[in-house]
Every structure is written in C-alpha cells, then in structure tokens.
Amino acid sequence: QETVRCYRLIADFKKRSLFITRIRESSQANNDTKRSASLVVLNNNYYALWLGRVAVGFYTLLGGIQVLRGNLPLGLYLTNIGIFQDYANVWSGMYAIMLGIQDSF
C-alpha cells in the first residue's frame, strides 16, 4: 500500500527497481511460508488415517496368528478388523475436525 501511495516519490528518485525487488522478495517469502504450512496441514490430515491403517496392519498380523493357532474364531477376527477400520475412520474424522478448529485461531 505504501508503495502505491508514494509512487510519484519513488519514480521521481528512480527507486522503482529497488521497490520492485523488495516486493518480489516479500512475495517469495510469503509463498514459501504458505507452501510449508500447506505441507504440514496435508501431513496432519493423513496422520490419523495412516495411524489407523498401521493399527489394522498390526492386528491383521497378531490376530491372524491367533486364528491359525485356533485361539480366535475367523468370524470374530474379521469382525474385529472391520471395527478397527471403522474406529480409524472415526478418529481420522475427529482429528480433521480438531485441525479445523485449530486452524480457525
């Protein structure tokens, strides 16, 4: 705003290139900061979803061993995997809502 308001003064003293450079550097710094923030938000959105997938993966391994040993019925094992996936989706949604609330401040 100040550059636009004082344009005649800047042009009279032939400092236009200096102010163009300053604006370009400021704009580049702003874009870099926004890009970094966007990457953090993207990673945060996928965090809960991937954490749920890892939990399902661990249960698949451990529960599968229990099924093979005969300690856990196959139906219960498959039901538990479905429940863990549902929990992962619910927690991912709740985490996304919390990130949205945090982003509003």
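Residues numbered from 1 in each chain as written. Predicted model: local features only at pLDDT ≥ 70, side-chain atom pairs only at ≥ 80, totals over all residues. Heavy atoms only, no water.

Colleague: In this structure, what is going on with helix α3 (residues 16–69)? I would like to understand it.
Modeller: Turn by turn, an α-helix covers 3.6 residues, leaving residues three or four places apart pointing in a common direction. Counted at 1.5 Å a residue, the expected span for α3 with its 54 residues is 80 Å, and the 79 Å between its end C-alpha atoms agrees. For α3, the principal kink sits at Tyr 47 and spans about 35°. Among the residues making up α3, those that are buried are Ala 48, Gly 52, Val 56, Tyr 59, Gly 63 and Gly 64. Within two residues after α3, Gly 70 carries a phi angle of roughly 90°, on the positive side. (Helix = DSSP H or I, 4+ residues; strand = E, 2+ residues; numbered from the N terminus. Expected span 1.5 Å × (residues − 1). Bend = angle between axes of the 7 residues up to and from the residue. Buried < 20%, exposed > 50% of the residue type's maximum accessible area, 1.4 Å probe, protein only.)

Colleague: Help me understand the packing of aromatic side chains in this model?
Modeller: One pair of aromatic rings is described through two measures. These are the centre distance and the angle between the planes. Summed over all chains, the structure comprises three aromatic pairs. Between Tyr 47 and Tyr 95, the aromatic rings sit 5.7 Å apart at their centres with planes inclined by 50°, giving tilted as the arrangement. Taken as a pair, Tyr 47 in helix α3 and Tyr 95 in helix α4 (residues 74–103) lie far apart in primary sequence, 48 residues in all. Taken together, the ring pairs in this structure connect Tyr 59, Tyr 77 and Phe 84 into an aromatic cluster. (Phe/Tyr/Trp six-rings, centres within 6.5 Å; stacked < 30°, edge-to-face > 60°.)

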